[in-house]
Amino acid sequence: MKMQVLFCVQKLIAASLLVLSMTPRVHAQTPPAIGYMYPPGGPSGATTEVVLGGYDWTPDMEVFVLDPRIKLEIIEPAGPVIVPEPPYWFGKKSRRAPFLLPREARATLTIPADVPPGVVRWQAANANGATATGQFIVGSGLEETEDANRSVPQILSKLPVTVSGQIRKVEEVDSYQFTATKSGPVSCSLIAQNIGSPLNAAIEIFDSSGSKISTTFDTAGNDTAFTFHALKDQSYTIKLYDLDFRGNRAFVYRMLLSETPRVVAAIPSAGQRGTTQEVEFIGYGVASGEANLESVTRQVSFPEDRSQSSFSYQLETPYGAAPYYTLQLSDISESKEIAEPVQKISSPESVTGVLDKKFEEDEYQISGIKGEAWIIQAIAQELGSPLDVALSITDKDGKELARNDDALNTTDALLNFTVPADGDYQIRVADFSGQSGRRDAVYRLLVQPTQPGFSFIVPELINAPLGEKAKLALKVIRNPGFNEPISITFSNLADGVTVAEDLEIPAGKSALSVEVDIAADAAVTGRLVTLHGLATLNDKETVQQTSSPILIATTIKPPYSIDAEGKDDVTKWPRGTTFPAPVLIEREPGFDEVIRLEMAAKQGRHRQGIRGPELDVPAGVGRILYPVYLPEWLETTRTSRMVVNGVAKVRDPQGNIRYSLTRQKTRMGFLPTGALLKVSADQEEFEVASGETFSVPITIRRSQQLQEPILVEIVSKDSNFSAQPLTISSKKQHVQLPVVIKSHNAAYRESELTIRTTVMQSEKYPVISETTVIITSINVALTDDRGK
């Protein structure tokens, strides 16, 4: 948990500075973006094949993992742009901002056995720029991946197990089933938001009779977990979906399911390195095996390893070993709140407290000497506590001297306080979440003397065009009283990328603008770069700090541009047909490479099935018609638009082949009108024996504009159906389509079968209409009554 929160803080800080750190983007150049990794991680000590979903990716993507022990390697370049499959939103929901359209690349993720569980960041880059960071999980134990093609709940044969899944489309509900091997607690925790997934999960548990016995909803976007009591040999079904029934390939998740209790808090929440002390573990089922919030105590030995700020502890109980829980490590005494109106503490000291009464405040007394400087922290979010803590400090007369609710990019609180006079002071810890009044409403109060030091605030990435200069807006946060100059050095800069020597943040200053010079003959590449800061105290002591990595991507300007001929014009066009949209191509002199047109990741509206192909534009062609297919179900009251990218091979100054991508300057617009072709089934439901052939009677209606032959075929993901395509003349309106059902082992099987009709208008632009029928296929050998 600590690692996740720290990462979130760093990411938010970096995002806020990104605009300041970059030079203006080359006109129309579109950098890539990370969408998701699926499965979103893997176990340590193994190599896992994953899919990387990216936006505006090109064939020359480079990927980087910010933990150098882990290897991520692309084994197959990104495929075509993926348009979401039905169902689609219509009406008001269809006017929401759409999700980006991904391309997917196959990759391998190799995680050594010594990498501990937790969140790891990764990035990508190409000749057009770098991405922000994405996240994946390093796990442990048994892992399974969702079978996306199943039509029944997926059986989880062994627990504990971590299941990786995707809510791929609107209204999708993922179902899993398991049988309890014993009576006792079953715990389920889900990670989605903490790895960048937009999923706000809803999870429901049903017993074998179909009764709902437990639910949880992630309404706050913090992910969710719950525990329920299971009965031995009972079968349970888990249903998982998005709260708003959204869905997209980026909606990835990891669900841990175990027949164990679940720890949610610990008192104290940290331990001094190298010591053994009693810890109260609070959780569901930890004492009785029932799904109640309760506690047990254990003697815990805290490791001496100074390279770690936390460690994972697994609580053993008579009802199973709970999933690992993170305890923090420190170098000072760690204690817990005592039952006194005002508890006396000193500096340095750390106390774990509980706001177990509704709306209560805890008060501590500390004595100080004038001029002493303290850092006071109230930590809750970092511990996974539900509290939103606030800090205040008052003098002996009750006068408030300082207050803080939220520190930078966290709901935890922090105060830098200098004692104004000798005497006693009161520190108060309060909650603004409304979640106090429960035993797991814990916080950690940490008071330490202020030490000389600083920390870096740096962006995640810099996009730096060849032959130009990029600006890095470097900031530091100085501890109170620390004003010395800080010398700055860079490590791992690529060849041809340089910064000035003797960089220094002046005494008392907190910012420095660093000019990053990119040679005109440098290679186009990405490189993770680290900053190092050094300050000298009293001419002998030194303070050192290292930044988080910055991905510096050198980029190359696209030697061409593309635009819509109509420049945002809207054309009325029939539904179910292909709109030939004119696209203009302008090349720089001497550039004759093929330019591939493809759908851009960012579109103005939900696609609702609107799509276009990859279309190659040869040298010498300045105008081409890009075919945009408009499905027959589009609303005639809603304009739609299409934006395409141009992608072409370019060579960088070192002779490396890269791919330059530019976005269309304006959009191609269309307002759907009535369809030219319509197919319908004269019978919509069928009950037939498996292994037999049956006929679907269909009626085809067409506009007089369509005189070409009609292709009739089935389009089904169900391999149990087959049909020979038919080609019929323009004069024929009614037709019987023979369909064969393969034999199967189920007594009954219900499936949807889609029948598609296609007319090639002008011999190159498809006009399409589809209809769906329901097929119930019966295995006669397994049932005596075909009417069941």
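Treat the numbers as computed from the prediction; the structure is a model and nothing was measured.

A. Looking closely at the overall build of the protein chain. Looking only at helices and strands, the protein chain has one helix and 66 strands in total. For the protein chain, whose C-alpha radius of gyration is 31 Å, the value lies close to the compact-globule estimate of 28 Å for 788 residues. Counting only C-alpha atoms, the protein chain reaches 100 × 75 × 45 Å along its principal axes. Taken over 788 residues, the protein chain has a buried fraction of 52%.

B. Highlighting the pattern of salt bridges. Within this structure, the stated rule accounts for 33 salt bridges. With its nearest N and O atoms 2.6 Å apart, the salt bridge here joins Asp60 to Arg658. On the criterion of sequence distance, the pair formed by Asp60 in the loop between strand E3 (46-55) and strand E4 (62-65) and Arg658 in strand E56 (residues 657-663) is long-range, its members being 598 residues apart. Using a relative accessible area of 6% as the deciding quantity, one classes Arg658 as buried. The closest approach of N and O atoms between Glu62 and Arg658, which form a salt bridge, is 3.6 Å.

C. Spotlight on the pairing of strand E18 (residues 235-242). Within E18, six of the eight residues are buried, which leaves it mostly tucked inside the rest of the structure. The sheet contact formed by strand E13 (residues 174-179) and E18 spans six bridges and is antiparallel. Paired with Thr179 across the bridge in E18 is Ser235. Of the strand pairs in this sheet, strand E15 (residues 201-206) and E18 are connected by six bridges, and their pairing is antiparallel. Bridging from a neighbouring strand, Ala202 pairs with Tyr241 of E18.

D. View of the side chain of His606. Along the chain, the position of His606 falls in the loop between strand E51 (595-599) and strand E52 (615-617). Within polar-contact distance, the side chain of His606 engages the backbone oxygen of Arg96 at 3.3 Å.

E. Structural view of a negative patch on the surface. Residues Glu684, Glu685, Glu750 and Glu752 make up a contiguous surface patch of negative charge. Take Glu684: it is sitting in the loop between strand E58 (677-681) and strand E59 (685-689). A relative accessible area of 56% means that Glu684 is categorised as exposed.

F. Looking closely at the nonpolar core. Counting residues in hydrophobic clusters, the biggest one holds 60 residues, and the most contacted among them are Ile488, Leu531 and Val628. Among all residues touching Val628, those that are not within four sequence positions of it are Thr577, Thr578, Phe579, Ala581, Ile610, Arg611, Met642 and Phe670.

G. Quick look at unusual backbone geometry. For the peptide bond that leads from Tyr38 to Pro39, omega is -5 degrees, which places it in the cis range. Relative to the assigned elements, Pro39 resides in the loop between strand E1 (33-38) and strand E2 (41-43). A cis amide bond links Leu159 with the next residue in sequence, Pro160, at an omega value of 5 degrees. Relative to the helices and strands, Pro160 resides in the loop between strand E11 (154-155) and strand E12 (161-166). Even without glycine at this site, Asp233 takes up a positive phi of about 70 degrees.

H. Main features of the packing of aromatic side chains. Scanning the model with the defined rule gives 16 aromatic pairs in all. Residues Phe99 and Phe251 carry aromatic rings whose centres are separated by 5.3 Å and whose planes lie at 90 degrees to one another, so their mutual orientation is edge-to-face. With a gap of 152 residues between them, Phe99 in the loop between strand E5 (71-76) and strand E6 (103-111) and Phe251 in the loop between E18 and strand E19 (252-258) connect regions that are remote in the sequence. Taking 5.7 Å as the distance between ring centres and 10 degrees as the angle between the ring planes, the aromatic pair formed by Tyr560 and Phe591 counts as stacked. Residue Tyr560 is found in strand E48 (residues 560-564), and its partner Phe591 is found in the loop between strand E50 (577-587) and E51; the two are separated by 31 residues along the sequence. Taking relative accessible area as the criterion, Tyr560 reaches 5% and is therefore assigned buried. Using a relative accessible area of 10% as the deciding quantity, one classes Phe591 as buried. In this structure, Arg150 is placed above the aromatic ring of Tyr176, and the distance from its NZ or CZ to the ring centre is 5.0 Å. Here Lys239 stacks its cationic end above the ring of Phe206, 5.1 Å away from the centre of that ring.

Calculation notes
- Residues numbered from 1 in each chain as written.
- Predicted model: local features only at pLDDT ≥ 70, side-chain atom pairs only at ≥ 80, totals over all residues.
- Heavy atoms only, no water.
- Helix = DSSP H or I, 4+ residues; strand = E, 2+ residues; numbered from the N terminus.
- Rg over C-alpha atoms; globule rule 2.2 N^0.38 Å.
- Buried < 20%, exposed > 50% of the residue type's maximum accessible area, 1.4 Å probe, protein only.
- Salt bridge = Lys/Arg side-chain N within 4 Å of Asp/Glu carboxyl O.
- Pairing = 2+ DSSP bridges.
- Polar contact = N/O pair within 3.5 Å; in protein donor to acceptor, adjacent residues only side chain to side chain.
- Patch = residues over 30% accessible without salt bridge, like charges linked within 9 Å, V, L, I, M, F, W, Y side chains within 5 Å.
- Areas by Shrake-Rupley, 256 points an atom, 1.4 Å probe, with all protein chains shown as cover.
- Lys, Arg positive; Asp, Glu negative; His and termini not counted.
- Charge placed at Lys NZ, Arg CZ, Asp CG, Glu CD.
- Core = buried A, V, L, I, M, F, W, Y, C linked by side-chain atoms within 4.5 Å.
- Contact = heavy atoms within 4.5 Å.
- Phe/Tyr/Trp six-rings, centres within 6.5 Å; stacked < 30°, edge-to-face > 60°.
- Lys NZ or Arg CZ within 6 Å of the ring centre and 35° of its normal.

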